[in-house]
Amino acid sequence: MSRPLIIGGGPAGSAAAIGLARAGTPALLIERSRDPHDVVCGGFLGWDALAALKRLGLDPAALGARPITRLRVVAGSRVTEAALPRVAAGLSRITLDAALLAQAQAAGTAVERGVTVREASPGTLRTGDGATLTAEALFLATGKHELRGLSRPREAAGDDPAVGLRARLVPSPRLATDLAGMIELHLYDRGYAGLLVQEDGSINLCLSVKRSRLGAGPAALLDDLARDAPRLVDRIAAARDKPEWQAIAGVPYGWRARETVAGLFRLGDQAAVIASLAGDGVAIALASGMAAAARFTAEGPAGAPAYQRAFARQSASPLRVAGTIRAVGEGPFGTLLPLLARLPGLAALTASLTRIERGAGG
Ligand SMILES: Cc1cc2nc3c(=O)[nH]c(=O)nc-3n(C[C@H](O)[C@H](O)[C@H](O)COP(=O)(O)OP(=O)(O)OC[C@H]3O[C@@H](n4cnc5c(N)ncnc54)[C@H](O)[C@@H]3O)c2cc1C
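Residues numbered from 1 in each chain as written. Predicted model: local features only at pLDDT ≥ 70, side-chain atom pairs only at ≥ 80, totals over all residues. Heavy atoms only, no water.

Under the annotation held in an unreviewed UniProt entry, the protein carries the name Monooxygenase and is attributed to Alterirhizorhabdus solaris.

Trainee: What should I look at first to understand the packing of helix H1 (residues 11–22) against helix H3 (residues 93–107) in this one?
Mentor: Packed helix pairs are specified by the crossing angle of their axes together with the interaxial distance, meaning the distance between the axes. With their axes 8 Å apart at the nearest point, H1 and H3 run at an angle of 20 degrees to one another. Compared by their axis directions, H1 and H3 come out roughly parallel. The element H1 and its partner H3 pack so that their crossing is left-handed. Residues Pro-11, Ser-14, Ala-17, Ile-18 and Ala-21 of H1 pack against Arg-93, Asp-97, Leu-100, Leu-101, Gln-103, Ala-104 and Ala-107 of H3. Of the residues that constitute the contact of H1 with H3, the class distribution is eight nonpolar, two polar and two charged. (Axes fitted to C-alpha atoms, helices over the stretch in contact; angles between N-to-C directions. Helix = DSSP H or I, 4+ residues; strand = E, 2+ residues; numbered from the N terminus. Parallel < 35°, antiparallel > 145°, perpendicular 65-115°, else oblique. Left-handed = near helix turned anticlockwise from the far one by under 90°. Contact = heavy atoms within 4.5 Å. Nonpolar A, V, L, I, M, F, W, Y, C, P; charged D, E, K, R; others polar.)

Trainee: For this particular structure, what's the right way to read the pairing of strand E13 (residues 191–197)?
Mentor: Walk down a regular strand and you will see the side chains alternate between the two sheet faces. With seven of its seven residues buried, E13 lies for the most part within the structure. Neither face of E13 is left uncovered, since the one carrying Gly-191, Ala-193, Leu-195 and Val-197 and the one carrying Tyr-192, Gly-194 and Leu-196 both have all their residues buried. Two elements, strand E12 (residues 182–188) and E13, share five bridges in a ladder whose sense is antiparallel. The partner of Leu-185 across the bridge, within E13, is Gly-194. Connecting the antiparallel pair E12 and E13 is a turn made up of two residues, with Arg-190 showing a positive phi of about 70 degrees. (Buried < 20%, exposed > 50% of the residue type's maximum accessible area, 1.4 Å probe, protein only. Pairing = 2+ DSSP bridges.)

Trainee: When you look at the site of the ligand in this model, what are you seeing that I'm missing?
Mentor: Taken together, 38 residues are adjacent to the ligand, and Glu-31, Gly-42, Arg-93, Asp-269 and Val-282 come closest. Side-chain polar atom of Glu-31 to an oxygen atom of the ligand: 2.7 Å apart, as the coordinates give it. Take Asp-269: an N or O atom from its side chain is 2.8 Å from an oxygen atom of the ligand. Computed on the free molecule, the ligand has an accessible area of 1000 Å², of which 96% lies beneath the protein chains in the complex. At the level of elements, H1, strand E2 (28–31), strand E14 (203–210) and helix H8 (281–299) are the ones that each hand at least two residues to the shell around the ligand. Considering each element in turn, the shell around the ligand owes the most residues, three residues, to H8. The residue makeup of the shell around the ligand, split by class, is 17 nonpolar, 15 polar and six charged. (Near = heavy atom within 4 Å. Polar contact = N/O pair within 3.5 Å; in protein donor to acceptor, adjacent residues only side chain to side chain. Areas by Shrake-Rupley, 256 points an atom, 1.4 Å probe, with all protein chains shown as cover.)

Trainee: Please explain unusual backbone geometry as it appears in this structure.
Mentor: Generally, phi is negative for residues other than glycine and the peptide bonds are trans, each holding for most cases. Positioned with a positive phi, Arg-190 is a non-glycine residue whose angle comes to about 70 degrees. Looking at the secondary structure, you find Arg-190 in the loop between E12 and E13.

Trainee: Where do I start with the sheet that holds strand E16 (residues 264–266) in this structure?
Mentor: Within a beta sheet, neighbouring strands are joined by backbone hydrogen bonds and run either parallel or antiparallel to one another. Within the open sheet, the five strands sit side by side as E6-E2-E1-E10-E16. Their pairing is parallel. Looking along the sheet, the strands with just one partner apiece sit at the ends: strand E6 (110–113) and E16. Going across the sheet, the axis of each strand differs from the next one's by a mean of 20 degrees, ignoring polarity. Pairing of strand E1 (residues 5–7) with E2 involves three bridges; the strand directions are parallel. Residue pairing for E2: Ile-7 is matched across the bridge by Ile-30. Sitting on the sheet, H1 is in contact with E1, E2 and strand E10 (138–140), with an inclination near 165 degrees to E1.

Trainee: Is there a simple way to explain the environment of Ile-30 in this structure?
Mentor: Structurally, the position occupied by Ile-30 is in strand E2. For Ile-30 and Gly-8, which are 22 residues apart along the polypeptide, the C-alpha to C-alpha distance reads 5.8 Å. Those residues in contact with Ile-30 that lie beyond four places of it in its chain are Ile-6, Ile-7, Gly-8, Gly-9, Glu-112, Val-115, Val-117, Leu-125 and Leu-133.

Shown next as C-alpha cells:
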C-alpha cells in the first residue's frame, strides 16, 4: 500500500500523523509554513484537548500551559464569573503546533515544510513547485483554508461570514493578575473576544466578528467597540503595546463534512467547524485526526466514508450547542449574560456540553 499523504501540519494533521506512525504506517505530511507560526486562535485548551494531548504523548504542563479554572463573561457593564467544571489551560498555538509536529516526526512521519499544496483530488495532489503525488489515502487537514479541488461549498460561511482576529499583548502587572487562572470572554453585537494568559506571560487576545461589524478593519472596530464593549477596549488600552493583528476571513462556523469518498479523510476544521466561543476546535482537530488514523489502520482507505459519518455524528451535538450559545451571546443585547448570572452552573454545563469527548480528562 502507498504511503498516506497528510495536507496540513496543524493539530488535526499532526494527530493523524502520530496515530498512523504508531500503527506502523508513517505518512508524508506536507505543511506550507516553513517555520513554527502563530495562528488565529484563542489558545484555550479544554480538558478534552488536554486529555487528547496526553494520549498523543505530550505533557501540556511541560510545554508551559497555564492552568485555567474560571470563566469570566463581560457584556456591556455586566460581569459574571463561574468556576469551570474541570481544569483547562492557556497555551499559544506556536508552541502547541510545533510540539505536535515534532512528536509526529519523532514517531516516524516524514514532514515536508515550506511546501504548499495547490490542488488535490481523492488520491492525488499537486504542490506549488509542480510535483504530483499520488496515494491511496489522503488526509485533508488544511484547517480554515480551502484547497482547490476539495473546497467546502462557498455558502458554508453564510451570508455574513465571521472574521477571526488575533494579537499578542504584553500585559500591565494589574492586567496579568486580573487574568490569572481565567478565560475572559467579552460579548458584543455580532461577535466576542477572548483573553487569556499564555505560557510566556503574554496575553492572547482573539476576536470573532461578523463581516458586517468589522467595518474598515481592526482599528475601526475597536473604536466602535467603545460603545458596547468598553471593558474590552480598556483591557487592550491597559496592555503595554498596540495590537498587531493576524486575521482569517470567512470562518464557516457550524459546517460539518457528512460524506466523503474512499481514500479521502477530512480532519479538524475540514471535518467540523465549531463556533470558536466554545474553545473546542483544537480538541475536535485532535479527536478527528486520531479517529481517522484508527479507522484507516483497521479498514484501509475504504474506511473513509464510515469514519466521516461517525465523526459527523459525534460532533453534531457540540456544534449545535456551541452554535446556539454563539447566536445568543453575539446577539445585540448580550442575552447570554443575564441567563448565566441567574442560573448558577449554566456556564459550567454549557462548557461541558460543547466538548467533543464528554467525560475526557480527570
Ligand atoms: C477566532 C477564533 C478563535 C478560536 N479559539 C479557539 C480556542 O481558544 N480553542 C480552540 O480549541 N479552538 C479555537 N479555535 C478553533 C481552532 O483554531 C481550530 O479549530 C483549529 O486550529 C483546527 O485545527 P486544524 O488542524 O484543523 O487546522 P489549522 O490549525 O488551521 O491547521 C491547518 C494547517 O494546514 C496548513 N495548510 C493550509 N493550507 C495548506 C496547503 N494548501 N498546503 C499545505 N499546508 C497547508 C496551515 O499552514 C496550517 O498549519 C478558534 C478559531 C477562531 C476562528
